[in-house]
Amino acid sequence: MANRMWGGRFASGPDELMEEINASIDFDQRFHRQDIEASRAHCRMLAARGIIAPEDAEKILAGLEQVASEIAEGKFTFSRALEDIHMNVEARLAEIIGDAAGRLHTARSRNDQVATDFRLYVRDTVDHLMEQLAALMRTLAEKAAQHAEVIMPGFTHLQVAQPVTFGHHLLAYVEMFARDRSRLADARKRLNESPLGAAALAGTSFPVDREMTARELGFDQAMRNSIDAVSARDFVLEVLAAAAICATHLSRFAEELVIWSTAQFDFIRLSDRFTTGSSIMPQKRNPDAAELIRAKAGRVIGALVALMVVMKGLPLAYSKDMQEDKEGAFDALDTLSLALEVMRGMVADMEPNEEAMRAAAAQGFSTATDLADWLVRELNMPFRQAHHVTGRLVALAEEKGVDLPDLTLEEMRSVEPRISEDVFSVLGVENSVASRTSFGGTAPDNVRRMAEWWLQELRDI
């Protein structure tokens, strides 16, 4: 008996092991909606161009509607013997409407079909991820506005560097996620071209209207080269690259939440909603949600690397290797979507411990740069000299076991005689933070303005 998909060339069906390695229906059934949507557009185009009869087109469209309903209602039986979503849909369509179903595949191949379905699926997923990023950014900006004056230490090398505000720190992640959103938007523009009608790789001899199907499916245009149309997977790679960068940003933030929620830092409190306990230590409140986000970034990055390795040695046009483009991408995009939603929930849930943050900000000689700047402004010192004088004052304070504001004027003048009482006006953490009024600086007024600007930008998204 000839194979029903491959026609008379094969006298028998595949070995069970061949079926096991070859079938993709277990994972590609998830873009059934896109497959049926593309088939509808293709059918309407075939009828409009006179390639199939109007009555056959009507039967096909009605049958596709029934298939879509059966899948949506959970009544559809997917068969591994039919390999993929395309043949599963076509086989059921034939059961419903008979021989007319066989006309649907005119002027197309599974090669351009899967490329079209996958582009539609990735485009839909990108739209969802962009909405999730906007929601996370909005939550961060709202939290930043609420805590524009809460002082915390800014770190370099995880050492106390200068005082900043909690709101300013949160807005740094708004900027990161805005760039992630922009990268996804850019990737969406480049992927939004239609492969449909490229057929197996060389195009088709039928008088198809590829621009018509492109318009019906919301693509900006048809892809210009039939070989590229079926062999390109850089649209997935680009989205995965943007996803990997975004997951890295989420992981960095998650790491800070883990650190901040320790008893040693005690900067934030997470509620029971995003923490877990210990089976043996009753006092524990573990930030497992943040830790899992941190770990799941590896899955997203891994999917990007895996697909790059798959694609790097493939000659044009289509090779079966490209079936491996889906499972990793599905997993990575699902993982990123979950991580974004969980992070948004944690941001909305967390509350800063203002006292602990401020106390930490005052440690580690965090206003040393303010002192150096004061020496430059008030004593007209070259900055390098001011840096040296400040370093000596830090050493003196360290020797005495006090912080810079706790040194007496006489002690300061033992290092630099021209220092005046006015120096103490810049040494408190509140004064330090308030003085950083440069564009992008941490001053509370800046933070409030920037948070409001972002909320305005995100209002209509």
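Residues numbered from 1 in each chain as written. Predicted model: local features only at pLDDT ≥ 70, side-chain atom pairs only at ≥ 80, totals over all residues. Heavy atoms only, no water.

Engineer: Could you clarify how one ought to interpret the overall build of the protein chain in this entry?
Structural biologist: Secondary structure summary: the protein chain contains 18 helices and 6 strands in total. Here the protein chain has a C-alpha radius of gyration of 31 Å; the compact-globule value for 461 residues is 23 Å, and the former is much larger. For the protein chain, the C-alpha atoms occupy an extent of roughly 100 × 55 × 40 Å along the three principal directions. Taking all 461 residues of the protein chain together, the buried fraction comes to 50%. The long-range fraction of contacts in the protein chain, counting pairs at least 24 apart against all pairs at least 6 apart in sequence, stands at 75%. Summing over all exposed atoms, the protein chain offers an accessible surface of approximately 22000 Å²; the carbon and sulfur share of this is 51%. (Helix = DSSP H or I, 4+ residues; strand = E, 2+ residues; numbered from the N terminus. Rg over C-alpha atoms; globule rule 2.2 N^0.38 Å. Buried < 20%, exposed > 50% of the residue type's maximum accessible area, 1.4 Å probe, protein only. Contact = heavy atoms within 4.5 Å. Areas by Shrake-Rupley, 256 points an atom, 1.4 Å probe, with all protein chains shown as cover.)

Engineer: Please explain the pairing of strand 1 (residues 151-156) as it appears in this structure.
Structural biologist: Along a regular strand, successive side chains alternate from one face of the sheet to the other. Sheet topology places strand 1 next to strand 2 (residues 159-165); 6 bridges connect them, and they run antiparallel. By the bridge assignment, G154 is partnered in strand 2 with Q162. Between strand 1 and strand 2, which pair antiparallel one after the other, the connecting turn spans 2 residues, and H157 there sits at a positive phi close to 60 degrees. (Pairing = 2+ DSSP bridges.)

Engineer: Can you walk me through helix 18 (residues 444-458) in this structure?
Structural biologist: Between its first and last C-alpha atoms helix 18 spans 21 Å; for 15 residues at 1.5 Å apiece the expected length is 21 Å, and the two agree. Taken residue by residue, helix 18 has P444, N446, V447, A451, W454, L455 and L458 as its buried positions. The arc that holds every buried residue of helix 18, seen down its axis, measures 160 degrees, which confines them to one face. Residues of helix 18 that are buried make contact with helix 6 (110-146), strand 2, helix 7 (166-191) and helix 17 (429-435). (Expected span 1.5 Å × (residues − 1). Arc of directions from axis to C-beta.)

Engineer: Please explain the environment of Y121 as it appears in this structure.
Structural biologist: Topologically, Y121 is positioned in helix 6. Along the sequence, Y121 and R30 sit 91 residues apart, while their C-alpha atoms lie 8.9 Å from each other. Discounting chain neighbours no more than four positions away, the residues touching Y121 are R30, F31, Q34, F330 and D334.

Engineer: Explanation requested: empty space enclosed by the protein in the structure shown.
Structural biologist: Think of a ball as big as a water molecule: rolled over the atoms, this probe shows where empty space is left. The final tally for this structure, using the stated rule, is 1 cavity of 30 Å³ or more. What the largest cavity holds in volume is close to 40 Å³. A247, L250, I293, K296, A297, V300, T335, L336 and A339 together form the lining of the largest cavity. If you list the elements that add at least two residues to the lining of the largest cavity, you get helix 10 (234-260), helix 11 (288-311) and helix 12 (327-349). If you tally residues by element for the lining of the largest cavity, the top one is helix 11, at 4 residues. (1 Å grid on protein atoms, 1.4 Å probe; cavity = no way out; pocket = protein on both sides within 12 Å on 5 of 7 lines; lining within 4 Å. Points joined across faces, edges and corners; volume = space filled by probe spheres on them.)

Engineer: Just to check I follow, could you spell out the pattern of salt bridges for this structure?
Structural biologist: For side chains of opposite charge, pairing can occur when their charged atoms come near one another. Scanning the entire structure with this criterion turns up 31 salt bridges. One salt bridge connects D124 with R33, and the closest N-O pair in it is separated by 2.7 Å. You can see D124 sitting in helix 6 and its partner R33 sitting in helix 3 (residues 32-48), a full 91 residues away along the chain. With relative accessibility at 46%, the residue R33 sits in the partly exposed group. Here R92 and E95 are joined by a salt bridge, their closest N and O atoms 3.0 Å apart. Residue R92 and its partner E95 are both found in helix 5 (residues 85-97); the two are separated by 3 residues, about one turn of the helix. Among the ionic contacts, a cluster of salt bridges with common partners joins E83, D84, R110 and K320. (Salt bridge = Lys/Arg side-chain N within 4 Å of Asp/Glu carboxyl O.)

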